[in-house]
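# Summary of structural features
Now for the letters of each chain:
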Amino acid sequence: MGTEDNTFPQGAEEPHRRHHAVEAPEPQPFLKSLQYSVKETLFPDDPFRQFKNQTTSRQVVLGLKYFLPILEWAPLYNFKLFKSDLIAGITIASLAIPQGISYAKLANLPPILGLYSSFVPPLVYAVLGSSKDLAVGTVAVGSLLTGAMLSKEVDAEKDPKLYLHLAFTATFFAGVLEASLGIFRLGFIVDFLSHATIVGFMGGAATVVSLQQLKGIFGLKHFTEATDVISVMRSVFSQTHQWRWESGVLGCCFLFFLLSTRYFSTKKPKFFWVAAMAPLTSVILGSLLVYFTHAERHGVQVEGIAVGRSFAMFKNYNIDGNKEMIAFGMMNIVGSFTSCYLTTGPFSRSAVNFNAGCKTAVSNIVMAIAVMFTLLFLTPFFYYTPLVVLSSIIMVAMLGLIDYQAAIHLWKVDKFDFLVCMSAYFGVVFGSVEIGLVVAVVISIARLLLFVSRPRTAVKGNIPNTMIYRNTDQYPYSRIVPGLLILEIDAPIYFANAGYLRERITRWVDEEEDRIKASGGNSLQYVILDMSAVGNIDTSGISMMEEIKKIMDRRELKLVLANPKGEVVKKLTRSKFIGENLGKEWMFLTVGEAVEACSFMLHTSKTEPASKEEPWNNV
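Residues numbered from 1 in each chain as written. Predicted model: local features only at pLDDT ≥ 70, side-chain atom pairs only at ≥ 80, totals over all residues. Heavy atoms only, no water.

## Here we look at the overall build of the chain
- Looking only at helices and strands, one finds 25 helices and 8 strands in the chain.
- Out of the 619 residues in the chain, the part that is buried amounts to 48%.
- Carbon and sulfur atoms make up 63% of the accessible area of the chain, which totals about 31100 Å². (Helix = DSSP H or I, 4+ residues; strand = E, 2+ residues; numbered from the N terminus. Buried < 20%, exposed > 50% of the residue type's maximum accessible area, 1.4 Å probe, protein only. Areas by Shrake-Rupley, 256 points an atom, 1.4 Å probe, with all protein chains shown as cover.)

Dropping the structure here:
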């Protein structure tokens, strides 16, 4: 919406006043226009800017640094940075080890693969990743999706070898897809998932994952493979006779411990490491408890593991989303060949990495080395890890993903966004993770289509004693200009909304004429379209404008355009709409100038603006 800063009062009669012309931009060759469009679509950040005016050798060096960010910061690395990264790396390793074991269980994979996935991918990311704070590893939702989808094809218990091969194959193709999106600069596709949709989907997935952990909490041996809440709760309460009180008590104790440490760290941010160390502490304490009390004989199940079987803004640096997609893709591709499954950058682990004071991606290397040490020397110790501890770790981690405060905020700010959020949430909880994901994507796209196909239109009025015109609903004290109807269109005009805009503009005219008849005011003479927000128009939009012009002519009304953008003027001129239908004299640079000209003609009983020899639009 344009802002008119003219100081002439409303209705001023200045027959000698000359208005600014609405100019079409200089025509550009097709190939140059295409090149510009492609650049703005795929390279909005202009990554090639740094290569301009550089020698060939310098361009090669810059290219290597662009694709291998480690070459940029490694030469400047020093011991001071290493001390910070060492502390951060050890801290996130203490979180990565128990989470890796726990999340692999969600994917129905051997827990040791969770450790592999926290070893190889972080090393790859340290070379290719551009974020200083991201901590790489497995995530609960990704693990749940992997398990849910693969279980439909293969039974992990009956054919574990095929199940593993499918998991690695899925990881490989996920990496190929991610890398392809980054290479072809298509990372913007992810933006089609709105914030409300993501909040709902993540909350639903976290709820489902949490409820599934009741199997471990109550020590149940048989459990449903379904992920919807009804099936899970039926499976839990239909086996009350098999609940083991020993496992339940142990689970409640660890849940209380983990939640207490999280609450303490939230209230005392300096002690973030308390919550970060709590999962590993739980694993150690639980394993020692089982080892010394032989709790596995009393209903506490264990887990046998054998060796053979949005932070950048806080530190004022930029992250290239497409480069990150390439890094994620490559680490999954490499990981799929080294017994790793789907990995990404979990928020909880990255937050711990950030709070621990990491300086570079070396913290991922330190974490990987710590995990490697665990794989080589400590895996026999995890034989005694009770499943109830892993279930407790997962439940507490999932509770952090249920962002109820964000849902409340959506309710207060935008009820439709809240509806979208809840639709995605219930799609996951009462359907499945796959259904919830489909619902989330469909709703996001549907909302986008709704916005673009049903753009806002509004009547504008004059702010008293100014030449400013604003929405009459937003500014009730603004005044309708007698004999004029000023309409604003808040979106580009193209095939998806052309029909709607034609009908809506016609309805605005009908409503204005009915209002005038009811109030006995001056008859409507001019319809001014404020085109300030119309950035582009296609051939369907041009046809709509031609139809609107014919409708106005039949009603003996004059159509006037105010502040049309360069691209719009260019296309309307090429289509001969301006020259043969509208007339250049009916285009004005601002709404204020359009109102002034129309008001002058009304007051002087003219039906046309000044002659071509002395037009209103001359400079």
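## Some details on the packing of aromatic side chains
- One pass over the structure, following the stated rule, counts 16 aromatic pairs.
- Each ring, one from Tyr-125 and one from Phe-328, has its centre 5.9 Å from the other, and the planes form 25°; the classification is stacked. Each member of the pair, Tyr-125 together with Phe-328, is buried.
- Centre to centre, the rings of Trp-411 and Phe-418 are 5.1 Å apart; their planes meet at 75°, and the pair counts as edge-to-face.
- What makes Phe-418 partly exposed here is its relative accessible area of 22%.
- By the ring-pair criterion, three or more aromatic residues cluster together here, those being Phe-172, Phe-173 and Phe-337.
- The lysine or arginine in question, Lys-415, covers the ring of Trp-411, its NZ or CZ lying 4.7 Å from the ring centre.
- The ring of Trp-508 carries the charged tip of Arg-504 above its face, separated from the ring centre by 4.0 Å. (Phe/Tyr/Trp six-rings, centres within 6.5 Å; stacked < 30°, edge-to-face > 60°. Lys NZ or Arg CZ within 6 Å of the ring centre and 35° of its normal.)

## Some remarks on the pairing of strand E5 (residues 484-489)
- When you tally the buried positions in E5, you get 6 out of 6 residues, the bulk of the element.
- What you see with E5 is no split at all: Leu-484, Ile-486 and Glu-488 on one side and Leu-485, Leu-487 and Ile-489 on the other are buried throughout.
- For strand E3 (residues 457-462) and E5, the ladder comprises 4 bridges, and the chain directions are antiparallel. By the bridge assignment, Ala-458 is partnered in E5 with Glu-488.
- As paired elements, E5 and strand E6 (residues 526-530) share 5 bridges and run parallel to each other. (Pairing = 2+ DSSP bridges.)

## Some points on the packing of helix H7 (residues 140-151) against helix H8 (residues 160-183)
- The geometry of H7 relative to H8 is characterised by a closest axis approach of 11 Å and an angle of 125° between their N-to-C directions. When the axis of H7 is compared with that of H8, the two are oblique. Read as a crossing pair, H7 and H8 show a hand that is right-handed. Side by side, H7 and H8 meet where Thr-146, Gly-147, Leu-150 and Ser-151 of the first sit next to Tyr-163, Leu-166 and Ala-167 of the second. (Axes fitted to C-alpha atoms, helices over the stretch in contact; angles between N-to-C directions. Parallel < 35°, antiparallel > 145°, perpendicular 65-115°, else oblique. Left-handed = near helix turned anticlockwise from the far one by under 90°. Contact = heavy atoms within 4.5 Å.)

## Describing the packing of helix H4 (residues 79-106) against helix H16 (residues 362-378)
- Orientation of H4 relative to H16, taken along the N-to-C sense of each, is 50°, at an axis distance of 7 Å. When the axes of H4 and H16 are compared, the pair comes out oblique. Crossing angle aside, the handedness with which H4 passes H16 is right-handed. Each of Phe-82, Asp-85, Leu-86, Ala-88, Gly-89, Ile-90, Ile-92, Ala-93, Ala-96 and Ile-97 in H4 lies in contact with H16, whose residues at this interface are Val-362, Ser-363, Val-366, Met-367, Ala-370, Val-371 and Thr-374.
- A class-by-class count of the residues in the contact of H4 with H16 yields 13 nonpolar, 3 polar and 1 charged. (Nonpolar A, V, L, I, M, F, W, Y, C, P; charged D, E, K, R; others polar.)

## Brief notes about unusual backbone geometry
- The phi dihedral of Ser-339 is positive, around 60°, even though this residue is not glycine.
- Positionally, Ser-339 belongs in the loop between helix H14 (321-336) and helix H15 (347-355).
- For Ser-339, a relative accessible area of 29% translates into the label partly exposed.
- With phi around 70°, Lys-576 is a residue other than glycine that occupies positive phi space.

## Some points on the confidence of the model for the chain
- The predicted model of the chain has a mean per-residue pLDDT of 82, with 88% of residues at 70 or higher.
- Put simply, strand E1 (residues 302-303) is where the chain has its lowest mean pLDDT, 60, and E6 is where it has its highest, 95.
- Confidence drops under a pLDDT of 50 for residues 1-16, and excluding neighbours within four residues, the segment shows 41 contacts in the predicted structure. (pLDDT = per-residue confidence, 0-100.)

## A word on the environment of Asp-530
- Locating Asp-530 in the fold gives a position in strand E6.
- According to the relative accessible area criterion, Asp-530 is buried, its value standing at 2%.
- Counting along the chain gives 71 residues from Asp-530 to Val-459, while the straight-line C-alpha distance between them is 9.8 Å.

## Some thoughts on a nonpolar patch on the surface
- A grouping of Ile-284, Leu-288, Ile-369, Met-372, Phe-373, Leu-376, Phe-377, Leu-378 and Phe-381 is seen on the molecular surface, where their side chains present a nonpolar patch of about 810 Å² in accessible area.
- For the nonpolar patch, the secondary structure elements donating two or more residues are helix H13 (272-293) and H16.
- It is H16 that provides the largest number of residues to the nonpolar patch, a total of 6 residues.
- In this fold, Ile-284 is placed in helix H13. (Patch = residues over 30% accessible without salt bridge, like charges linked within 9 Å, V, L, I, M, F, W, Y side chains within 5 Å. Salt bridge = Lys/Arg side-chain N within 4 Å of Asp/Glu carboxyl O.)

## Quick notes on the sheet that holds E5
- Spatially, 6 strands are ordered E4-E3-E5-E6-E7-E8 in an open sheet, and the strand pairing comes out mixed. Each having just a single partner strand, strand E4 (469-471) and strand E8 (587-588) make up the two edges of the open sheet.

## Some remarks on the pattern of salt bridges
- Considering all chains together, one arrives at 10 salt bridges under this definition.
- In this structure, Asp-553 and Lys-549 form a salt bridge, with 2.9 Å as the shortest nitrogen-oxygen distance. On the criterion of helical spacing, the pair formed by Asp-553 and Lys-549 is a turn pair, its members being 4 residues apart in helix H22 (residues 539-554).
- On the basis of relative accessible area, Asp-553 is assigned to the partly exposed category, the value being 39%.

## Description of the environment of Gly-286
- Looking at where Gly-286 falls in the secondary structure, it is placed in helix H13.
- On the basis of relative accessible area, Gly-286 is assigned to the buried category, the value being 0%.
- With 35 residues separating them in the primary sequence, Gly-286 and Gly-251 have C-alpha atoms 10.0 Å apart.
- When sequence neighbours within four positions are dropped, the list of residues in contact with Gly-286 reads Phe-254, Tyr-384, Pro-386 and Val-389.

## Side note on the pairing of strand E7 (residues 558-562)
- The element E7 is largely enclosed, with a buried count of 4 among its 5 residues.
- Where E6 lies against E7, 5 bridges are found, and the strand directions are parallel. By the bridge assignment for E7, Ile-528 is matched with Val-560.
- The handedness of the E6 to E7 crossover, carried by H22, is right-handed. (Right-handed = clockwise from strand over helix to strand, strands pointing away.)

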